[in-house]
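Residues per chain are reported as follows:
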Amino acid sequence: MSQTIHRGIKQMMDEANAEIETISAADAIKILPNDDVVIVDIRDPREIEREGKIPGAFSCTRGMLEFWIDPASPYAKPIFQQDKKFIFHCAGGMRSALAAKTAQDMGLKPVAHMGGGFAAWRDAGGPIEKWEPKKKD
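Residues numbered from 1 in each chain as written. Predicted model: local features only at pLDDT ≥ 70, side-chain atom pairs only at ≥ 80, totals over all residues. Heavy atoms only, no water.

## Comments concerning the pairing of strand E5 (residues 111–114)
Applied cut-off: In this scheme, a residue with accessible area under 20% of its type's maximum is buried, one over 50% is exposed, and one in between is partly exposed, where area comes from a 1.4 Å probe on protein chains only. Numbering of helices and strands starts at the N terminus; helices are DSSP runs of H or I of at least 4 residues and strands are runs of E of at least 2. Strands qualify as paired when DSSP identifies two bridges or more between them. The definition of a right-handed crossover adopted here requires that, viewed with the strands pointing away, the path from the first strand over the helix to the second runs clockwise.
With burial as the criterion, each face of E5 is covered, one bearing Val111 and His113 and the other bearing Ala112 and Met114. Note that strand E1 (residues 21–23) and E5 share 3 bridges and pair parallel. By the bridge assignment for E5, Ile23 is matched with Met114. The parallel pair strand E4 (residues 85–89) and E5 is bridged by helix H5 (residues 94–106), and the resulting crossover is right-handed.

Dropping the structure here:
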């Protein structure tokens, strides 16, 4: 028996994009130095290792997002409890749109996502930091 999907990824993306703020990579580059902004990289660690990352970006895999945002979760991260603007990005802008909508639906604010993702950042000439493995003590 094959599955029948009633609400597919295209519909989910359309819904997310209608409800969230989208920031261009060029605008994200300009606001990178602001202390009141957190860039949240939701890519898989292997993507970050392969492609590099935006300097200062906070890494949170898509699978842990809800758990790290919710202060009642045993996995809550203090960064998401701060009074800052959170700009989500992924590789191409699809996962980050869904992540920003989820974060917004949970009550995190203000949130946005970077249209075009890391690829747009790289193409716009944004700085990229090489991934460095954590040093073991």
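## Details of the state of the cysteines
Two cysteines whose sulfur atoms are joined by a covalent bond form what is called a disulfide. Counted only if it meets this: Sulfur atoms of two cysteines make up a disulfide when they are within 2.5 Å.
Scanning all chains against the criterion turns up 0 disulfides. Sulfur of Cys90: no disulfide; nearest cysteine sulfur belongs to Cys60 and is 13 Å away. Given the relative accessible area of 2%, Cys90 is considered buried.

## Regarding the pattern of salt bridges
We apply this condition: Between Lys or Arg on one side and Asp or Glu on the other, a salt bridge is scored when a side-chain nitrogen of the former is within 4 Å of a carboxyl oxygen of the latter.
All chains considered together, the criterion is met by 13 salt bridges. With a closest N to O distance of 2.9 Å, Arg95 and Glu47 form a salt bridge. Of this pair, Arg95 sits in helix H5 while Glu47 sits in helix H3 (residues 45–51), and the two are 48 residues apart along the sequence. Using a relative accessible area of 13% as the deciding quantity, one classes Glu47 as buried. Across the salt bridge formed by Arg62 and Glu66, the nearest N and O atoms sit 3.3 Å from each other. A residue is classified by how much of its surface remains accessible, and Arg62, at 24% relative accessible area, is partly exposed. Note on Glu66: relative accessible area 28%, which makes it partly exposed.

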